[in-house]
Amino acid sequence: MAVRLATVRTATRPQVAARTSSSPWWRSAVVYQVYLRSFADGNGDGIGDLAGLRSRLPYLAWLGVDAVWINPHYPSGGADGGYDIVDYRAVDPEYGDVADLEALVAEARALGLRIVLDVVPNHTSDRHPWFQAALADPDSPEAARYHFAPPSEEPPNNWQSLFGGPAWSRTPDGRWYLHLFAPEQPDLNWRDPAVAADFERTLRFWLDRGVSGFRVDVAYGLFKDAGLRNNPGAYSPTLFGHGPEQAMTWNQPEVHDVWRQWRSICDEYPGTMLVGEVCLADPREVALYSRPDEMHQSFSFRLLKSPWSVESFADGVRSALDAFGAVGAPVSWVLGNHDKDRQVTRFGGGAVGTARARAAALLMLALPGSAYVYAGDELGLPQAVVPDEAKRDPIFFRSGGARPGRDGCRVPMPWNPSPGVGFSTRPAEPWLPVPDGWDRYAVSRQSRDGGSMLILYRRALALREAHPALGSGEATVSTRGDVLTVRCTAADGSAVRCVVNMGSETSLVRSRGTVLLASNTSVRRSSATVALPPHTAIWLAEG
Ligand code: GLC
């Protein structure tokens, strides 16, 4: 560990600066997502916190990312990993306080890193003072800020919670209230102007403390059909996102005015940005959330949800480039996050899953746009097996155990091979169990191993920073059999091809270019061809 820290501390990075002077930083940024509870525990209570994250900022600078998005840090009811917020302008004491957050922003900035927060405008916690006041008095102004319906036998409509079961629950006095997620997450009524006004205060509160923007939770929600009419079809968690079958619940036209207003607030704070979580099936609908006067970005989740197949990946890349290109926004690529199984497992597990995750990383990091890297994906963590009795995710409980839930991608980050994998500053029971053998993925081990996933990421990020055709410019997609090629061209005409062999046979790739990086160390080249093993990607600089 000492060796790694020494290396990290001496690494120098430029101060916060755009890739090119004319292009805003977020257009091609690599943003590292920190699940705060699981990243690093600075006070030894088994729960990750701001002090822990501050102590690991040098690691993130060494890795070479541009910004850090932290999952919700607010006081919360604890029903959904912090996405049930009780106070939007405070820090949960488990994580520290506002002064810690300010220190985080300052220390990050000194290392060339920006801090992006998570904001959750679709719903609050049921413990939020507004909801408590609404429960106490149906005629209170606070009651108008949620969706209540009078007592009756049946819920007001057929809407379903994304976590399982109906989207309506009863209050102790028999009223119904709407929650598109857990019952502890009542949905806000955005048709009440007090709601918008309060969120504007929240945005300014954090922007005044120097944060560089927000990841906006459930940005395709907020407004519901004004008549709360039945949805035409059922929700399916297996789809790419919501479509016409859920037309009454999501993607109401009014929501775009919220993003226009939030954009105008961000415009008062130069260099800040909004990135929206928009889970809609049609990429063109997703891209509309990042029109020039709305959010700066909306996540493209196609690769996050694609199986390992050339058709699915090619379609995911092409459709996103087309949709976002049409509105002049960069694509925000995502391969992993706190809601989805880890890539290594998703792509088949074991050696094959790892090889595919390495190849997918090179593909994502070549593509023009911003890229979001979920903490631990750079270590090749597989989905952890969390025993049922240790699980926390409401999806597991609300589905009666039918859906495994998301805890397996939220276990503590392994920093070194000690028994607690270096997660806590002193021996402590971690909030989710550390899987057996987790030490093999530890940062301190991988940082000394030239063939590790961590070093692959670090090399890729350094090349992306240096080469104008990586992460920005234009891209074209082509396929030949199981081989996917994305040709990325910079404004200066230089080009890099990312070639991914998604099949199970070695493929010969014709090229006179230079191999900048390969996801597999056994890539061989002769003068005019490269032999690309299965589940492998390369970056070839043309010329
Ligand atoms: C988003 C978050 C997820 C959370 C949900 C409800 O989808 O990514 O973790 O459970 O919103 O806030």
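Residues numbered from 1 in each chain as written. Predicted model: local features only at pLDDT ≥ 70, side-chain atom pairs only at ≥ 80, totals over all residues. Heavy atoms only, no water.

The terminal C-alpha atoms of helix α6 (residues 193-207) lie 21 Å apart, and with 15 residues this matches the ideal 21 Å at 1.5 Å per residue to within 8%. Val-195, Asp-198, Phe-199, Thr-202, Leu-203, Trp-206 and Leu-207 are the residues of α6 that are buried. For α6, the elements touching its buried residues are α4 (98-110), β3 (114-119), α5 (129-136), β7 (213-216) and α7 (255-267). By the N-cap criterion, in which a side-chain oxygen at the helix start approaches the backbone nitrogen of a residue two or three places on, α6 is capped by Asp-192, the distance to Ala-194 being 2.8 Å. (Helix = DSSP H or I, 4+ residues; strand = E, 2+ residues; numbered from the N terminus. Expected span 1.5 Å × (residues − 1). Buried < 20%, exposed > 50% of the residue type's maximum accessible area, 1.4 Å probe, protein only. Contact = heavy atoms within 4.5 Å. Polar contact = N/O pair within 3.5 Å; in protein donor to acceptor, adjacent residues only side chain to side chain.)

Here the domain parsing of the protein yields domain 1 (25-122 + 206-463) and domain 2 (129-178). On a C-alpha basis, the centres of domain 1 and domain 2 stand 30 Å from each other. In this assembly, 22 residues from domain 1 lie in contact with 14 residues from domain 2. When residues of domain 1 are sorted by the area they lose upon contact with domain 2, Leu-228, Tyr-235 and Arg-398 head the list and together hold 39% of the total. Linking domain 1 with domain 2 are 0 salt bridges, by the criterion used here. Applying the counting rule to domain 1 against domain 2 returns 7 residue pairs in polar contact (both at pLDDT 80 or more). The class makeup of the residues in the side of domain 1 that touches domain 2 is 9 nonpolar, 6 polar and 7 charged. (Domains from an automatic or database assignment. Buried area = accessible area lost by both parts, 1.4 Å probe. Salt bridge = Lys/Arg side-chain N within 4 Å of Asp/Glu carboxyl O. Nonpolar A, V, L, I, M, F, W, Y, C, P; charged D, E, K, R; others polar.)

Their axes nearest at 11 Å, the elements α6 and α7 cross at an angle of 25°. Judged on the interaxial angle alone, α7 and α6 are roughly parallel. In terms of crossing hand, the pair formed by α6 and α7 is right-handed. Each of Phe-199, Glu-200, Leu-203, Arg-204 and Leu-207 in α6 lies in contact with α7, whose residues at this interface are Gln-261, Trp-262 and Ile-265. (Axes fitted to C-alpha atoms, helices over the stretch in contact; angles between N-to-C directions. Parallel < 35°, antiparallel > 145°, perpendicular 65-115°, else oblique. Left-handed = near helix turned anticlockwise from the far one by under 90°.)

Quick look at the sheet that holds strand β4 (residues 148-149) now. Taken in spatial order, the 3 strands of this open sheet run β4-β6-β5, and their pairing is antiparallel. Edge positions in the open sheet fall to β4 and β5 (168-170), since each of these has one partner strand only. Pairing of β4 with strand β6 (residues 176-178), which is carried by 2 bridges, proceeds in the antiparallel orientation. What sits directly across from Ala-149, in β6, is Trp-176. (Pairing = 2+ DSSP bridges.)

Every one of the 14 residues lining the ligand counts as a neighbour, but Asp-80, Asp-217, Glu-277, His-338 and Asp-339 are closest to it. At 2.9 Å, a side-chain N or O of His-123 approaches an oxygen atom of the ligand. Relative to its unbound accessible surface of 310 Å², the ligand loses 95% to contact with the protein. Across the shell around the ligand, the residue classes break down as 4 nonpolar, 3 polar and 7 charged. (Near = heavy atom within 4 Å. Areas by Shrake-Rupley, 256 points an atom, 1.4 Å probe, with all protein chains shown as cover.)

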